Each structure stands twice: as structure tokens, then as C-alpha cells.
Amino acid sequence: MGDHKEDDREGEQGGCLKIPKLPIQGKRNILITSALPYVNNVPHLGNIIGCVLSADVFARYCRLRGYNVIYICGTDEYGTATETKALEENCTPQQICDKYHAIHKEVYNWFNISFDEFGRTSTPQQTDICQAIFKKLMEGNWLSESMIQQFYCETCNRFLADRLVEGTCPFPNCNYDSARGDQCDKCCELLNSTELKDPRCKVCRNTPQIRDTNHLFLELPMLKDKLEEYINNMSVAGSWSQNAIQTTFAWLKGGLKPRCITRDLKWGVPVPHEKFKDKVSFYVWFDAPIGYVSITSCYTPDWEKWWMNPENVELYQFMGKDNVPFHTVMFPSTLIGTGENWTLMKSISVTEYLNYEAGKFSKSKGIGVFGNDVKDTNIPPEVWRYYLLTNRPEVSDTVLSFIAKPPGLGYGSIIPDALGVESHLLTKTLAEKIGNYVEQYVEAMEKVKLKQALKIGMSISSEGNAYLQESQFWKLYKEDQASCSIVIRTSTGLVYLLACLLEPFMPSFSLKVLNQLNLPPETLLSLSDETGDLERARKPWEILPAGHKIGTPEPLFRELKDEDVAFFG
């Protein structure tokens, strides 16, 4: 497990030559995306756990397993929210994007998020790919032109995009009084701004007037049969999460309607159509998911080998529940409509909202704990990662500790041999339990059940602690050194195994363990079938060689005191 060296993957080791990975015939090729965070504010913990952190855990697991994987993300930079933020801060939309892209990148670096590419959507590549997809949809007659009614603010002298309108949600079981013009944050229903009750302009707070304006629509009803075929097949094959299935089929049951893909905006990808070239840009729901593709094209010019290769590439996408219909209905319909052989999403992992005290985290409303706040707590990133991934406050369930011995006692930090282990009942019983746990861990991770997998990893830690206590190794050292050597070598192997299993969740913790095991930091932790790592987990005494000298033991976590968390009280 520990004999491999670190590869050149981007984001894992600073200063490495960036060699883009491409799909490899005969290997499992996995393309991972997390929902592109909007660039109008600092990322909050709800965004981090719902998108980038969950995807990072799965990406790290895939690397451990030896899969050929890339993890793509970036900031979503076009649209109304950017224009609004630019007005608030008295600067240009591009300046807003540059500022907050850098902040997002800094926060994710602190959280040890291992993107292969963290890009942005305000690029020439985004414009080229968006416009190419649009032209294919036009050629296939999947777009229609229609006059719609849209709010116009006479005070601001402009048509108001949906996110510039707020009001009361029209759904009777909701009536949320701060619903946006495109979606209600409380009930998650998608809206048209003109459906809102008591509408108001988000900029000046005045009541807007309704005017006619011409726009282009994607004809979802015409794509319904092809879309349903995809959803019915892939929701089963990809083991979609229950909340994704419920949301998607609720959309289908409600009847698909033509969906507007253009907006009266200047900050966005221009629509390559003579009638609209001086008026509109693409609506964010159409433009943003294409960002996954354009950011991949910034990663490698051979991006089609990932995105137009469904026979050899599996697409896994991570997001919060409010993004589900855009990824299970809108984006697949867009790609299907081009008639090209796109890599469509196989598996979707969806999180519910992370709540802060009485309400949902919200960047736009400033509710919640934000990434820059977390950095300033002096609580290390592995603790935050663990806390977010378990969603419980205590961090006392740590892994096995090393036993420091005074000079002249113990093994001098040298791992002893384990002669006679096959007849050592306590160790064989432990090994059987650990082997079963590792199988369960792999099964959970393959199904993207991250919280369950972390719990299994911590169960292995508990089994190891119980093994040490039951063995009473401190007595064995004096009374039965052969048995004591078996226990010590098995335990050190188990520590290494835990570093592997927990690396996706707490990578900096695993680096500390490697250091204490006196293994070089470039050691590539591995759970690959090809190298027999999973089978070796059933014999933890064989994981680390006898005669290896471990490093200096020290606490892996410090105690969190009241003052450490007082900031969040």
C-alpha cells in the first residue's frame, strides 16, 4: 500500500508539471464536477459541503482506487447576480469576478480541495462552446421564438432579469416573502418573475411594470421522449440519490414546458442571432452548466475525449438540492438536442440545505458561516472537513494514537516482526472484522454515500482501539513478547490503513500520520485492486514491513476549547 510514489495530478503537490489526464482505454475513467459556485460573494459552509467538499472526497477516493479521474469546477461568473453586486460595489462586473474568483480559490485551497482544474465561465472558451451548442439547437429546430411579459423598472430604466425581482412565492403552501424571480429558496419551485405576488425591484425596491419583450425558448416538450429515456435508464444505472429522483420525476409529472434561454442582460455570452445580438445574452441556467465543458477545455484542448465519450467516461455531478432540475432536466435536454454524442451524467449526489440557527445558509442574505471566517478560527481544515462531513459537533472520535515509550523500553520505534500471527486468535478476529469493514467502506463510497463511509472508517478506528485495550499489550511486553510484537505490528499497519481510508475526508490528517509513520510525504496512499491493497487490508500485519522505524509520536488533534468556537455562538 505504501510503495507507490505521488503522480503528477494537479492540486496535490505544488509545483508539479501540469500534465492533463485523458481517458484511458480499459481503465475506469471518471469525470467529476461540482456545481459552479456563483461569484457574487464569499463561499459559505453550505456551499462547501454541498458541492466542492463532497466532490473532493469522492475524487480522492477514486484516486486511491487507481481510477483515472479528473475533478472540474470553477466560478459561475455571468448573469444578474454579478451585475447587481457590481452596482453595490461601484465597479465593473469583470472586477467583481476577478475579486471573488480569487477569494473562492483561496478558501478552497485552505480546505485542501483537490481540483484538477478550477476555472471560470467568463472566458473565450465559454463563449465558443455556448454558441456552438446554441447553433446546433437552432439547426435541429429545438428552439422557438416568443414574446413574453417581463418586469421593467422605470426607475432603473431597464428590463429586470428574474434575480433582480423579489416578491412573495405564489405557491399557497409556501408564501415565502423573499422569493426570487427565478426560484423560491424556501420551497425550491422554479418560477417566472411575473408569477410573484407583490413584486419589487431588488435594486431600488420600487414596484416594476410588465412589458413585452422577445426571447428564445428551448422546446423541452419536443425533447421529452429522449429525455425520459435517459432519466429512466440512468437514474437506475447511476443509483441517483432519492432526493434527485423525487425532484426530477416531479418535474416530469408536472409536464415540461418551453424554457426561456435568453435574458435582457449585457454581462453574459452574446446570443449569435441577428435579431438578438444587440439585446440579450444567454440565461444563466443555459450558460452555467456548459461551464463544466468550457473549464475542461481550459484544462485540456482534447476536452471532447472526456465530454463526447459516453462509452468510456462516467460523469458524476455534485450539488445542492436547488440545482437538481438544471442538471437532470435542463442540461441533459440541451446536450441531447444537439444530436451529438455527449457524455451525459451517470450519477448525481445531492445534499439537503445546511441550516444555520433558524434559517438556510444564504450568500446573498449574509446568513451563515463563511469560508473566510473559518480560516480565521485557527481550527485546522481537517477538523472542519470532518465536522461538515459528519454534521455533528464533536471531534473526539479520533484514530489510534501512538504509544511513546521512555528510552530503553519498548521497541525503539522499530516495527517488530509478527511471527505466529496465524494462530493469534484476537488478531485474526480483528482482521476478519477489518476486512468486512473495508468492503462496506468501498461499497458505500462507490455509491457516493460519503457520510456512511466516514462512519465506517471511524468504526475501524474504534475496533483498533478496542483491540489494543483487549490485548493489554503493556502486560504482553513483559509476559509474552511474541504476542506483543504481533499486536504492535498489526496496530501500526492498521494506522496506515486508516490514513488511506480517511485521506478523502481529512487529507492533511493523513499527511500527519505518514509523517509519524516516518513515510515520505510523496508516498501515494492506495486502495487499488491492481496492486492487491484491498486484499492486504485483511492482513494488517503485512501492510508495513518489520524493521521499519516510525517517527516521533505527537497528538494528531488538539483539544477544542470554548474560546475556539465562541465566535460561532
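Residues numbered from 1 in each chain as written. Predicted model: local features only at pLDDT ≥ 70, side-chain atom pairs only at ≥ 80, totals over all residues. Heavy atoms only, no water.

## Topic: the overall build of the chain
Okay, step 1: Within the chain, the secondary structure is distributed over 18 helices and 16 strands.
Okay, step 2: A burial count over the chain gives 56% of its 569 residues as buried.
Okay, step 3: Accessible surface, the chain: about 24300 Å² in total, of which carbon and sulfur atoms supply 49%. (Helix = DSSP H or I, 4+ residues; strand = E, 2+ residues; numbered from the N terminus. Buried < 20%, exposed > 50% of the residue type's maximum accessible area, 1.4 Å probe, protein only. Areas by Shrake-Rupley, 256 points an atom, 1.4 Å probe, with all protein chains shown as cover.)

## Some remarks on the pairing of strand E3 (residues 117-120)
Okay, step 1: Along E3, one buried face is formed by Glu 117 and Gly 119 and the opposite face, lined by Phe 118 and Arg 120, is buried too.
Okay, step 2: Inspection of the sheet shows strand E2 (residues 68-75) paired to E3 by four bridges, in the parallel sense. Residue pairing in the sheet places Cys 73 in a bridge with Phe 118 of E3. (Pairing = 2+ DSSP bridges.)

## Structural notes on the sheet that holds strand E9 (residues 209-218)
Okay, step 1: With antiparallel pairing, four strands are arranged side by side in an open sheet as E5-E4-E9-E10. Pairing within the sheet leaves two strands with one partner each, and these edge strands are strand E5 (158-159) and strand E10 (259-260).
Okay, step 2: Alignment of E9 against E10, held across two bridges, turns out to be antiparallel. Bridge pairing in E10 places Phe 217 opposite Cys 260.

## With respect to unusual backbone geometry
Okay, step 1: Here the phi dihedral of Asn 175 falls at roughly 60°; this positive angle occurs in a residue that is not glycine.
Okay, step 2: Relative to the elements of secondary structure, Asn 175 occurs in the loop between strand E6 (165-168) and strand E7 (179-180).
Okay, step 3: Phi is positive for Ser 239, close to 50°, though the residue is something other than glycine.
Okay, step 4: Summarising the element assignment, Ser 239 is placed in the loop between helix H5 (220-237) and helix H6 (242-254).
Okay, step 5: Taking the relative accessible area as the measure of exposure, Ser 239 reaches 44% and is therefore partly exposed.

## What to know about the environment of Asp 480
Okay, step 1: Positionally, Asp 480 belongs in the loop between helix H14 (473-479) and helix H15 (481-502).
Okay, step 2: A distance of 2.6 Å separates a polar atom in the side chain of Asp 480 from a polar atom in the side chain of Ser 483. (Polar contact = N/O pair within 3.5 Å; in protein donor to acceptor, adjacent residues only side chain to side chain.)

## Describing the sheet that holds E7
Okay, step 1: Taken in spatial order, the three strands line up as E7-E6-E8 in an open sheet, and their pairing is antiparallel. The outermost strands of the open sheet, each flanked by one partner alone, are E7 and strand E8 (197-201).
Okay, step 2: Relative to E8, E6 runs antiparallel, the two being bridged by three bridges. In the strand pairing of E8, Thr 168 is matched with Lys 197.

## Let's talk about the packing of helix H11 (residues 381-390) against helix H16 (residues 507-516)
Okay, step 1: It is the contact of H11 with H16, at a shortest axis distance of 7 Å, that shows an interaxial angle of 130°. Taken together, H11 and H16 sit at an angle that is classed as oblique. For the pair H11 and H16, contact is made by Pro 381, Glu 382 and Arg 385 and by Pro 507, Ser 508, Phe 509 and Lys 512, respectively.
Okay, step 2: Per-class residue counts for the contact of H11 with H16 are three nonpolar, one polar and three charged. (Axes fitted to C-alpha atoms, helices over the stretch in contact; angles between N-to-C directions. Parallel < 35°, antiparallel > 145°, perpendicular 65-115°, else oblique. Contact = heavy atoms within 4.5 Å. Nonpolar A, V, L, I, M, F, W, Y, C, P; charged D, E, K, R; others polar.)

## A look at the side chain of Ser 34
Okay, step 1: Here Ser 34 lies in strand E1 (residues 29-34).
Okay, step 2: Engagement of the side chain of Ser 34 in a polar contact is seen with the side chain of Tyr 71, the distance being 3.0 Å.
Okay, step 3: Apart from residues no more than four positions distant in its own chain, Ser 34 is found in contact with Cys 51, Val 52, Ala 55, Tyr 71, Ile 72, Cys 73, Tyr 292 and Phe 318.

## Comments concerning H16
Okay, step 1: Counting buried positions over the ten residues of H16 gives seven, a clear majority of the element.
Okay, step 2: Contact partners of the buried residues in H16: helix H1 (45-64), H11 and H15.
Okay, step 3: Within two residues after H16, Asn 518 carries a phi angle of roughly 60°, on the positive side.

## Describing the confidence of the model for the chain
Okay, step 1: Across the chain, the average pLDDT comes to 85, with 86% of residues at or above 70.
Okay, step 2: For the stretch residues 355-364, pLDDT sits under 50, and the model shows 30 contacts to residues farther than four places along the chain or on other chains.
Okay, step 3: Predicted confidence for residues 392-408 stays below pLDDT 50, and this span has 36 contacts to residues more than four positions away or in other chains. (pLDDT = per-residue confidence, 0-100.)

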